[in-house]
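Now for the letters of each chain:
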Amino acid sequence: MSRLVITTPDKAQTAVEGLYRDLERRIVASQPGLCPVDLAASFLKLCRAQTCGKCVPCRVGLAQLDTLLEDVLEHRATLQTLALIEKTARVIVETADCAIGWEAAGMVLRGVRGFREDYVEHIVNGRCTCSLNQPVPCVSLCPAGVDIPGYIALVADGRNADAIRLIRKDNPFPASCGYVCEHPCEARCRRNMIDKSINIRGLKRYAADHAGEVPVPACAAPTGKKVAVVGAGPGGLSAAYYLSLMGHKVTVYEKQPLPGGMLRYGIPSYRLPRKKLQEDIDSILSAGVELKTGVDVGRGLPIADLTQQYDAVYIAIGAHSDKKLGIPGEESRGVVSAVEMLREIGNGRNPDFSGRNVAVIGGGNVAMDVARSAVRLGASRVGIVYRRRQQDMTALPEEIEGAIGEGCELLSLHAPSRIESDQEGNVCALWLKPQIIGKIDSAGRPSPRNADVGELSFPCDLVVVAIGQSIEYEPFAEFGVPVRRGAIQAKDSARVENVANLFAGGDCASGPATVIRAIAAGKVAAANIDNYLGFNHEITTDVEIPKPDFSNRPPCGRVNMTFRPAGERRNDFEPIEYGMTCEEATQEASRCLRCDHFGYGVFKGGRIAKW
């Protein structure tokens, strides 16, 4: 008999591994709105199955916690039970021998403290508030609340123009978002339980590319009210569009010579073709919106004048200022901000980087944009410096992969320490301090710290700083607009407290965010400005959604977007991404599970028809 044998997975182990994969897909597809108490109880049961049972905190304590959570769910608990749950979980965290025990109890403890009101609702009223409003996953995760299952069904039916009409009910930038939206809607797509999420952004782009010219809806009867919007970015133009549809006379003031905000001055044309951006802007303006460019509200035109001349004013100035590094040598000639560089490119003044060595500092999408733009402007070497790991970057994975594919070097775990300049004051090198990862921070990422090694030199003659953006709030603060930590203070309704007819939203109120969040802020502002003016207009659509069919939905590969070859696309600013073909779009749209009709979505009537 052999002393050792080569072990191979048996049938049972293979089945267990398959169950683990199924569980992972279920967790990925867990939509917002699930009962948090029920979810905590389910995770606790899973953790109990993994314990060895040697120590009392695990063997006895986790069983007690499980029983207490069941008491809450079965309406047998009192408020004293809640205190006992917290005490028991805290004791297990402090005394369990291994991570299985203390992490399981820690999860329950964080839940008791984080969603305590849900526990109280179960105990006092015997119900779960989340179960009263179960959302459709993709719609609930879209900040603008776009009817995603609806327009996917329309694409599958070949009705691309109707798909655009439906999208515009909540988002007047369908073409632009089809190219650059970060698609948070895909994160909890229930299709993940079968294979992979629907390529929602790709289908939106397909609809926009094949819909042709789609007129905007007719505006409501004129109200006689005038509204000023400060800033012609996605947030400001969205608010202007909806307010104009409601019958108000809207004038948009823009500091730059062209509208679009960060869509034009922050996103290069290889990602967002200017033709597509202009299509969205032209549609918005066709709703009766008046645009005045080259007007610097706050400095050239006092904000006080607008509040007196207009019935309401919406501030949507975005975040167009740069942040400083705070390291020696930052004032050297050759140190520029990403905002400044992208603004020049947006205005059609492409700088010449031929033969230059460029260092880009940052790890977000803006950093990737300037790095990839530098390659296209002729730079001989482009290095992206980031103090964390590549997987910790905030940029989209496809943006990082695209930058590396086009020849950018990624120097992760390196923090800039100082900038060296020559005798004439020109940048000649960026000195870097290697980092080592440490404790996990509040965002769930390991915090870097200086490694016990010497500095490294990255020779360069241009340093582009892309570590974040700030807001030019000073003129508004002088007028009396409340500002805190560099952001205009506005309520969730976009209302500014101390000025009766003043509203603010988007990046200037929340800090730099995504395009779709700015659009959502504009939508919220439009609704609340309309109420402030004494109206309650409803934005609706008469597009009829195709009824779902009952055909089978077998596992099917996701259609991903394809790109021009890196060696070709790195030489110009032409669009880098190919759109879907008709065959691909039809197949991808057919993968949708129609959660608006099946499952929890049907409890709300399937969709929000008006807002």
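> So what's going on with the overall build of the protein? Residues and values would help.
The helix and strand inventory of the protein stands at 23 helices and 20 strands. The principal-axis extents of the C-alpha atoms in the protein amount to approximately 80 × 65 × 55 Å. Here the protein, with 611 residues, has 50% of them falling under the buried criterion. Across the protein, the fraction of contacts at a sequence separation of at least 24, relative to all contacts at a separation of at least 6, is 72%. Summed over its atoms, the accessible surface of the protein is roughly 28,300 Å², and 52% of this surface lies on carbon and sulfur atoms. The averaged location of the 72 negative side-chain charges in the protein is 4 Å from the averaged location of its 72 positive side-chain charges.

> Residues and numbers for empty space enclosed by the protein, please.
For the coordinates displayed, the defined rule picks out two cavities of 30 Å³ or more. Approximately 110 Å³ is the volume attributed to the largest cavity. Around the largest cavity, the lining comprises 14 residues; the ones closest to its centre are C138, C189, C592, L593 and C595. Those elements giving two or more residues to the lining of the largest cavity turn out to be α7 (137–141) and α8 (148–156). In the lining of the largest cavity, the residues fall into eleven nonpolar, no polar and three charged. What the second largest cavity holds in volume is close to 80 Å³. Looking at the lining of the second largest cavity, its residues break down into ten nonpolar, one polar and one charged.

> If you had to explain helix α14 (residues 274–285) to someone new, which residues and values would you point to?
Its twelve residues place the ends of α14 16 Å apart at the C-alpha level, agreeing with the 16 Å of an ideal helix rising 1.5 Å per residue. Among the residues of α14, K276, L277, D280, I281, S283 and I284 are the ones counted as buried. Down the axis of α14, the sector holding all buried residues measures 160°, keeping them to one side.

> Run through the pattern of salt bridges, naming residues and quoting values.
In this structure the tally under the stated criterion is 41 salt bridges. Among the ionic pairs, R165 bridges to D162, the shortest N-O distance being 2.8 Å. Of this pair, R165 and D162 both sit in helix α9 (residues 160–168), separated by three residues, roughly a single helical turn. Taking the shortest distance from any N to any O, the salt bridge between E409 and R381 comes out at 2.7 Å. Pair noted here: E409 is in strand β9 (residues 409–412) and R381 is in strand β8 (residues 381–386), with a separation of 28 residues, a long-range link. In this structure R381 comes out as partly exposed when scored by relative accessible area, which is 29%. Several salt bridges converge on common partners, so that one network encompasses R271, D369, R372, R376, E399, E406 and R569.

> Go over the environment of R168, please, and point to the residues and values.
Position of R168 relative to the elements: it lies in helix α9. With 371 residues separating them along the chain, R168 and I539 place their C-alpha atoms 9.9 Å apart. Those residues within four positions of R168 in sequence are excluded, and the remaining contacts are P174, V214, P215, V216, Y241, Y242 and S283.

> Residues and numbers for the nonpolar core, please.
Counting 77 residues, the largest nonpolar core has I148, Y151, I152, F173, Y314 and I529 as the members making the most contacts within it. Per-element accounting of this core gives the leading share, eight residues, to helix α21 (residues 515–532). Dropping the residues within four chain positions of it, F173 is found in contact with P234, L237, S238, L263, L277, D280, I281, I284 and I519.

> Give a detailed account of unusual backbone geometry, specifying residues and quantitative values.
Glycine aside, negative phi is the norm for most residues, and most peptide bonds take the trans geometry. Despite not being glycine, H183 has its phi angle at roughly 40°, a positive value. Here H183 is to be found in the loop between α10 (174–180) and α11 (200–210). Residue classification places H183 among the buried positions, given a relative accessible area of 17%. Positive phi values are uncommon outside glycine, yet L413 reaches one of about 55°. Among the secondary structure elements, L413 is positioned in the loop between β9 and β10 (414–421).

> For the sheet that holds strand β14 (residues 462–465), give the residues involved together with the corresponding values.
Sheet architecture is open: five strands sit in the order β6-β14-β7-β8-β9, paired in parallel fashion. Only two strands of the sheet have a single partner each, and these edge strands are β6 (335–337) and β9. Averaged over all adjacent pairs, the angle separating strand axes in this sheet is 25°, with direction ignored. Here β8 runs beside β9; their pairing, made up of four bridges, is parallel. Its bridge partner being in β9, V385 is matched across the sheet by L411. Those strands touched by helix α17 (residues 365–376) are β7 (357–361), β8 and β14, and its axis lies near 170° from that of β8.

> I'd like a rundown of the domain arrangement of the protein, residues and numbers included.
Where the parts come together, the accessible area they lose is often given as the size of the interface. Segmenting the protein into domains produces domain 1 (34–125), domain 2 (137–215 + 542–602), domain 3 (226–320 + 471–532) and domain 4 (325–467). In this structure, domain 1 and domain 2 have C-alpha centres spaced 40 Å apart.

> Go over the layout of surface pockets, please, and point to the residues and values.
In this structure, the second largest pocket spans a volume of roughly 620 Å³. As for the second largest pocket, its lining consists of 29 residues, of which H183, R201, E398, R558 and F563 are closest to the centre. Contributing elements (two or more residues each) for the lining of the second largest pocket: α1 (11–28), α10 and α18 (397–405). The element contributing the most residues to the lining of the second largest pocket is α18, with five residues. Across the lining of the second largest pocket, the residue classes tally to ten nonpolar, six polar and 13 charged. Counting only domains with at least three residues in the lining of the second largest pocket, you end up with domain 2 (137–215 + 542–602) and domain 4 (325–467).

> Describe the side chain of N171, listing the residues and the values that go with them.
For N171, the position within the fold is in the loop between α9 and α10. In terms of polar contacts, N171 uses its side chain to reach the backbone amide nitrogen of F173, at 2.8 Å. If sequence neighbours within four positions are ignored, N171 has contacts with V146, C177, Y242, I516 and I519.

> Kindly report on the sheet that holds strand β2 (residues 249–254), identifying the contributing residues and their values.
Two modes of strand pairing occur in sheets, parallel and antiparallel, and in both the strands are linked by backbone hydrogen bonds. The parallel open sheet is built from five strands, whose spatial order is β3-β2-β1-β4-β18. With partners counted over all chains shown, the strands left at the sheet margins are β3 (290–293) and β18 (502–504), one partner each. Between one strand axis and the next, the sheet turns through 20° on average, direction left out of account. On the sheet, α21 packs against β1 (226–230), β4 (312–315) and β18 and is oriented at approximately 165° with respect to β4.

Rules and cut-offs
Residues numbered from 1 in each chain as written. Predicted model: local features only at pLDDT ≥ 70, side-chain atom pairs only at ≥ 80, totals over all residues. Heavy atoms only, no water. Helix = DSSP H or I, 4+ residues; strand = E, 2+ residues; numbered from the N terminus. Buried < 20%, exposed > 50% of the residue type's maximum accessible area, 1.4 Å probe, protein only. Contact = heavy atoms within 4.5 Å. Areas by Shrake-Rupley, 256 points an atom, 1.4 Å probe, with all protein chains shown as cover. Lys, Arg positive; Asp, Glu negative; His and termini not counted. Charge placed at Lys NZ, Arg CZ, Asp CG, Glu CD. 1 Å grid on protein atoms, 1.4 Å probe; cavity = no way out; pocket = protein on both sides within 12 Å on 5 of 7 lines; lining within 4 Å. Points joined across faces, edges and corners; volume = space filled by probe spheres on them. Nonpolar A, V, L, I, M, F, W, Y, C, P; charged D, E, K, R; others polar. Expected span 1.5 Å × (residues − 1). Arc of directions from axis to C-beta. Salt bridge = Lys/Arg side-chain N within 4 Å of Asp/Glu carboxyl O. Core = buried A, V, L, I, M, F, W, Y, C linked by side-chain atoms within 4.5 Å. Pairing = 2+ DSSP bridges. Axes fitted to C-alpha atoms, helices over the stretch in contact; angles between N-to-C directions. Domains from an automatic or database assignment. Polar contact = N/O pair within 3.5 Å; in protein donor to acceptor, adjacent residues only side chain to side chain.

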